[in-house]
Structures are given as C-alpha cells and as structure tokens.
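A closer look at the structure
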Amino acid sequence: MSEVVWEPLREAATAALASAYVPYSKFPVGAAARLADGSIVTGCNVENASYGLTLCAECTMIGAARMNGGGLITHFYCVDGTGGILMPCGRCRQILFEFSTAETLLMTSSGAKTMDEVLPDAFGPRDLDRIAAGTDDRTDAP
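Presented here is an overview of the structure given in this document. (Residues numbered from 1 in each chain as written. Predicted model: local features only at pLDDT ≥ 70, side-chain atom pairs only at ≥ 80, totals over all residues. Heavy atoms only, no water.)

In the Ramachandran plot, Tyr-51 falls in the positive-phi region, its phi being about 50 degrees despite a non-glycine side chain. Structurally, Tyr-51 can be placed in the loop between β2 (40–44) and α2 (57–67). Phi angles above zero are rare outside glycine, and Asp-121 is one such case at about 60 degrees. When you line up the elements, Asp-121 lands in the loop between α4 (115–118) and α5 (125–132). (Helix = DSSP H or I, 4+ residues; strand = E, 2+ residues; numbered from the N terminus.)

Met-61, Ile-73, Phe-76, Leu-96 and Met-115 are the most contacted members of the largest nonpolar core, which has 20 residues in total. For this core, the secondary-structure elements that each account for two or more residues are β1 (30–35), α2, β3 (73–79), α3 (90–98) and α4. Not counting the four nearest positions on each side in its chain, Phe-76 is found in contact with Trp-6, Leu-9, Ala-31, Ala-32, Ala-33, Glu-58, Met-61, Pro-88, Leu-96, Leu-105, Leu-106 and Met-107. Of all hydrophobic cores here, the second largest spans 11 residues; its members include Ala-12, Ala-13, Val-79 and Met-107. (Core = buried A, V, L, I, M, F, W, Y, C linked by side-chain atoms within 4.5 Å. Buried < 20%, exposed > 50% of the residue type's maximum accessible area, 1.4 Å probe, protein only. Contact = heavy atoms within 4.5 Å.)

This paragraph deals with the pairing of β1. Burial runs high along β1: six of the six residues are buried. Side chains of β1 alternate between two faces, with Gly-30, Ala-32 and Arg-34 and Ala-31, Ala-33 and Leu-35 buried alike. As paired elements, β1 and β2 share five bridges and run antiparallel to each other. Directly across from Ala-32, in β2, lies its bridge partner Thr-42. Two strands pair when backbone bridges link them, and β1 and β3 are joined in this way by six bridges, in the antiparallel orientation. Each residue of the ladder has a partner; that of Ala-31, found in β3, is Cys-78. (Pairing = 2+ DSSP bridges.)

Where charged atoms from two side chains of opposite charge approach closely, those side chains can pair. In the structure shown here, the tally under the stated rule is three salt bridges. For Glu-7, the salt bridge is made with Arg-10, and the minimal N-O distance between the two is 2.5 Å. Residue Glu-7 and its partner Arg-10 are both found in helix α1 (residues 3–16); the two are separated by three residues, about one turn of the helix. Measuring nitrogen to oxygen at the nearest pair gives 3.0 Å for the salt bridge that ties Arg-130 to Asp-127. Linking Arg-130 with Asp-127, this pair stays in helix α5, spanning three residues, or about one helical turn. On the basis of relative accessibility, which here comes to 13%, the residue Arg-130 falls in the buried class. Accessibility expressed as a relative area gives 15% for Asp-127, which makes it buried. (Salt bridge = Lys/Arg side-chain N within 4 Å of Asp/Glu carboxyl O.)

Any link to function would need more than the numbers given here.
Right under this line is the structure:
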C-alpha cells in the first residue's frame, strides 16, 4: 500500500507514544487510524495499578474518535516503544472491528491486512444489522 497512506499513520502512532502512561509494564503503545472522513485519530495505552483496568492504545484512540465525531476506520497502524509495528491484542481487534468495515486495512508485520483477515468470523454490528433485516446468508444457517 502507498507510503502516502501509511507514513502519516506511522508518524501519528509514534508521536502518541509520548503520552503513554506505563509505570508498570514500561511498554508504551501508540495507535493511529484514518477515519472515513480523512481525519486521523490517535491513542496511547494508559495503565492502572489494578492492571485489569488498563486501557490499550486502541481503546483511547476509539474514545478520541467518538469524542471528535466518530466515523468508521479505513486504515489502522499501531507501534511499540521502539516504533516497530505491533499487532493489536484480540480484545482490541474486537474493539476495532466495531468501528470498521470489511475493507478496513490494518498494518501488520507481514503487510496490510483487512480487518476480516486479522479477526476472522468476528461478531459485530454487521451481524446485528443482518439479523434485524431478517437476512441470514451464513452457510450454517438452517
């Protein structure tokens, strides 16, 4: 995929590292996404002494997106403290899925992949829409 698309996201995710609050793990994470309207939103991880309440960078990024008008993600990039590409954890893939389309692309260490490739057979808003519309085109449907 074009550097024109990915480089601004890599730079924004790397800049977000500066805001990470990681006194326990010492593992800062920065995330950035381009939304359908072309805007870029960022997030960083924010740890908590009770660990389970820690917010991943993807969570704070989605919060920022919602606070700034929302919109679906078209492209996503996540970096670790060294600036290396970092794959979102399973929980965060599900959170990203909520605000994605079938065409949403995530940068991975093996190149750009669709949301459906990094979280196959996920359950989300598309399923709720399908059920509400009374259509069920799944192969396992009775």
